[in-house]
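# Examination of the molecular architecture
The chain contents come next:
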2 protein chains.
Amino acid sequence: MQVNGERFLKDLHDLRAFGASGVGKGVVRPAYSEADINARDWLAGRMRDAGLEVRYDPVGSQWGLAEGTSLLIGSHTDSQPEGGWLDGALGVVMALELARAAREAGGPAVSVVNFQDEEGRFGVTTGSKIWAGQLPLDHADTLIDSAGTDLATARAAMAHLAGDFIDPARFSGFVECHIEQGPWLHESGEAIGAVTEIVGIRDMRITFEGEQNHAGTTPMHRRRDAFQALSNFNTALNDRLRNVVTPETVWTIGHVDLQPGAHSIVPGRATFSMQWRDRDTDRLRRIEAVIRDTATEVAEAQGMRLSFSELLGLEPVAMDAGLRAAIVEAAQKVAPDGWREMPSGALHDASNVAALMPAAMMFVPSIGGISHAFAEDTDEADLLCGLDVLAAALPALAAAHTG
Amino acid sequence: MQVNGERFLKDLHDLRAFGASGVGKGVVRPAYSEADINARDWLAGRMRDAGLEVRYDPVGSQWGLAEGTSLLIGSHTDSQPEGGWLDGALGVVMALELARAAREAGGPAVSVVNFQDEEGRFGVTTGSKIWAGQLPLDHADTLIDSAGTDLATARAAMAHLAGDFIDPARFSGFVECHIEQGPWLHESGEAIGAVTEIVGIRDMRITFEGEQNHAGTTPMHRRRDAFQALSNFNTALNDRLRNVVTPETVWTIGHVDLQPGAHSIVPGRATFSMQWRDRDTDRLRRIEAVIRDTATEVAEAQGMRLSFSELLGLEPVAMDAGLRAAIVEAAQKVAPDGWREMPSGALHDASNVAALMPAAMMFVPSIGGISHAFAEDTDEADLLCGLDVLAAALPALAAAHTG
């Protein structure tokens, strides 16, 4: 089977004209925007040219179907409000080239998927989550974006295209290629990441409540300053987590809200986000215990009321062993010593699809680890290497779970 | 001279009917609100009954003038959006009782002032600052409140009352009684604070700028997390200031803004307020040096860009020695060992008036140090003690700077 690298790169560059930011190669193509729908229209033509049957499901996820049982490959073409040209678009266009080349070669059968709203205008990985039965459509319809629009209203813009949901039984497995979005491959000069699992996520809000006071007349020894509690918690947590984590574990305080938030008032309340990710469920639980214990100790020491929001938990998702083996074998053939096995620190559509069928992922490098930004990029040589690896793996990927 | 404590307390309680919050004794009486203007109308009647000539200046500050040269006493009756019944209202009603009692006794001549917008709907101590020539009226007119209304529009509600500015040369000095707003007097069981100076304030915004990144795919060792820089700065600063400050020095981080402020994004920018107060200008400067050095070291160590806003500086204002001595002498007579000398950690109208004439302040206790809240209160015995001290001091206060 012969893939056409030039045709693949031309499709990738053509696609970035839809929602072009005018800044580098960046795109502005949020789910259901005019640019997003126009991009899917253009892709529909390319899918038909490749002999695929184009279908849309009720959410607006786009399908290019081969006949009979097929291997499903794809990702998503919607972008963050400030997005890169590759991100999920790479995985959709690579799937298109693989389906096209496979059809030209007489097999194996490859179908293409372009999920809707992976970037989470309405939640996270919305289109694949609904398809996988993990988010009921009637509930999803009530989710609102940051401008107050609900999903029901947004997806009405694609209602003239929508058909039924696609039967997962048509597919023997799912493979997604994506940019890494982290620095590991770029730093090590490797071209391919064979994903072992998608890490689990824990996410909650923590609130310290002390006493709001006048910042001029309240002596330091009398204060119950909620920002000081947050700062002390952060310092103690960083110290205590050292014995629990691995180099791949991450934890983040990304949002802080002080009340009342004035220069001249000792803050009485601090609410902040606490998120952590790891590939191991036990470690996620041990980290949670450290976080709760540390917050409790700081609250007691500083006379604070403490409250935790509900804990959001997404479990780690292991990639299918058979599909992984096919990718690893092809990577070693195409790029000897230019690949590694690694976890995915980000969520992807594959997290959801894995509930329906065997699923696997492959990464290509992100220059400087940059993503979700106009500056996101990958060397074209690495893009072509990724295409070649999946092309070489295709027979084994297609055979892994059939018959 | 005989003050009437019962009449004084009745006036105080009558005044809190204007803008009564319905929660405890609290009031909602922001500058230029209907409740504020009605309270001033009612006070105008009480001033006229006391034989004073009622005038308003263009800003809406209210004056009850004695004939000839007089001692000026007063404060303000406008409140915070959630205010206590005493705060500045105490100083205005105490001035009314002193002027009334002095007139009944045949002297000395006391005038009353009720400044407008001390609480800073438009800035800080607006009415007295304009009167003292430290804020031009045409500039002040462009200041806007949190709802977007400008001062020019707000003061139009009192335009039918407004006359010229009052000539400061009419007054030999200014005395302001106010609740402490801090815990020192209440904690020590003392009734009277003779204010030595109003502390100086330094205030600025500091920004750490690192790199915004994906919170799942960016390993901890690669992050330039602006919140971590802020937390480290805070910890280091608290440690280093220990050798510089006194028990009365205060410093506050009351406002924090993280960008972009999302659970799943490593914050790329942290902008926060840094305010510190002390009675000594040299110490304010030493603290500033520690703050700038600490921020610079943290920024260098963590690869952050660092920027400081313009520094807002209000110098410490010493109270007039002659007026202070009169208050101290009376306090020792009325409440032996029940008083102390102390600085004011909060700004007051006296800060501005001191630029025009000799000025002094006296505090009474705040129960639990609470102010700017419906729960603010003071024992009535302490209110009466304050009235008695100024009554005893009045002859010396009036004589201190006249011919």
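Above this text is the structure in question.
Criteria and thresholds
- Per chain, the residues get numbers from 1 upward, laid out in the order the sequence is written.
- Chain letters start at A and ligand numbers start at 1, both assigned in the order the entries are written.
- With the structure being a predicted model, the display of local features is reserved for residues of pLDDT at least 70 and the display and counting of side-chain atom pairs for 80 or more, all residues being used for whole-chain, interface and lining totals.
- Values reported for side chains reflect all heavy atoms of the structure, with hydrogen atoms and water molecules removed beforehand.
- Working definition: helices are DSSP H or I runs of at least four residues, strands are E runs of at least two. Numbering for both runs from the N terminus.
- What a helix should span is 1.5 Å times the count of its residues minus one.
- Residue exposure (1.4 Å probe, protein chains only): buried if accessible area is under 20% of the type maximum, exposed if over 50%, otherwise partly exposed.
- The directions considered for the arc run from the helix axis to the C-beta atoms.
- In this description, a line fitted to the C-alpha atoms serves as the axis of each element, helices being fitted only across the stretch in contact, and the angle between N-to-C directions of two axes falls anywhere from 0 to 180 degrees.
- Note on terminology: angles under 35 degrees are roughly parallel, angles over 145 are roughly antiparallel, angles of 65 to 115 are roughly perpendicular, and the others are oblique.
- Crossing handedness is defined as follows: a turn of the near helix away from the far one that is anticlockwise and smaller than a right angle gives a left-handed crossing, while the clockwise case is right-handed.
- Contacts between residues were defined by any pair of non-hydrogen atoms, one from each residue, lying within 4.5 Å.
- Here a polar contact is taken to be a pair of N or O atoms separated by no more than 3.5 Å, where protein atoms must pair a possible hydrogen donor with a possible acceptor and residues adjacent in sequence count only if both atoms sit in side chains.
- The copies are overlaid by a least-squares fit using only the C-alpha atoms of residues whose pLDDT is at least 70 in both copies.
- By definition here, a salt bridge exists when the distance from a side-chain nitrogen of Lys or Arg to a carboxyl oxygen of Asp or Glu is within 4 Å.
- At least two DSSP bridges between two strands are required for those strands to pair.
- Here the quantity called buried area is the total loss of accessible area, with a 1.4 Å probe, experienced by two parts when brought into contact, counted for both.
- Note on residue categories: nonpolar means Ala, Val, Leu, Ile, Met, Phe, Trp, Tyr, Cys or Pro, charged means Asp, Glu, Lys or Arg, and polar means any other residue, Gly included.

Residues and elements named next belong to chain B. Helix length check: helix 9 (residues 281–302) (22 residues) gives 32 Å between terminal C-alpha atoms against 32 Å at 1.5 Å per residue, within 8%. Burial in helix 9 covers these residues: R283, L284, I287, E288, V290, I291, T294, A295, V298 and A299. The buried residues of helix 9 occupy an angular sector of 165° when projected down its axis, which confines them to one face. For helix 9, exposure combined with an orientation more than 90 degrees from the buried face picks out R285, E300 and A301.

Attention shifts here to the packing of helix 3 (residues 89–105) of chain B against helix 12 (residues 380–399) of chain B. Residue and element names in this part refer to chain B. One way to put it is that helix 3 packs onto helix 12 with a least axis distance of 11 Å and a crossing angle of 45°. Of the possible angle classes, the one that applies to helix 3 and helix 12 is oblique. Handedness of the helix 3/helix 12 crossing: right-handed. When helix 3 is examined against helix 12, the residues L90, M94, E97, L98 and A102 are found in contact with a partner set consisting of L383, G386, L387, L390, A391 and L394.

Take the side chain of R283 of chain B next. Residues and elements named next belong to chain B. Inspection of the secondary structure assignment puts R283 in helix 9. The buried category is assigned to R283, whose relative accessible area is 16%. Side chain to side chain, R283 and D278 meet in a polar contact 2.7 Å long. Aside from chain neighbours lying at most four places away, what touches R283 is V244, V245, T246, T249 and D278.

Of the transformation superimposing chain B on chain A, the axial component is 0.0 Å and the angular component is 180°, with the fit at an RMSD of 0.1 Å. The transformation just described matches what one would write down for a two-fold rotation axis. Within chain B, S231 of chain B has its C-alpha nearest the rotation axis, a separation of 2.6 Å. Here 98% of the interface residues in chain B have copies in chain A that are interface residues too; the copies meet face to matching face.

Our focus in this paragraph is the pattern of salt bridges. Residues and elements named next belong to chain A. Summed over all chains, the structure comprises 52 salt bridges over all chains. Between E315 and R202 there is a salt bridge whose closest N-O contact spans 3.1 Å. Of this pair, E315 sits in the loop between strand 14 (312–314) and strand 15 (317–318) while R202 sits in strand 7 (residues 200–209), and the two are 113 residues apart along the sequence. The class of E315 is partly exposed, set by a relative accessible area of 44%. Classification of R202 as buried rests on a relative accessible area of 8%.

Residues and elements named next belong to chain A. Within strand 6 (residues 192–198), 7 of the 7 residues are buried, leaving the element largely enclosed by the surrounding structure. Bridge count for strand 6 against strand 16 (residues 339–344) is 5 bridges, and the pairing is parallel. Bridge assignment links I192 to a residue of strand 16, and that residue is W339. Relative to strand 17 (residues 359–364), strand 6 runs antiparallel, the two sharing 2 bridges. Considered in strand 17, the bridge of G193 is made with F363.

On to the interface of chain B and chain A. The interface of chain B with chain A comprises 51 residues on the first partner and 52 residues on the second. Of the roughly 4,200 Å² buried at the junction of chain B and chain A (both faces included), carbon and sulfur atoms supply 52%. Applying the counting criterion to the chain B and chain A interface returns 2 salt bridges. Residue R222 of chain B pairs with E187 of chain A through a salt bridge whose shortest N-O separation is 2.3 Å. Inspection of the chain B/chain A interface yields 24 residue pairs in polar contact (both at pLDDT 80 or more). It is helix 8 (residues 226–241) of chain B that provides the largest number of residues to the side of chain B that touches chain A, a total of 7 residues. Counted by class, the side of chain B that touches chain A contains 19 nonpolar, 25 polar and 7 charged residues.

Shape is all these values report; function is a separate question.
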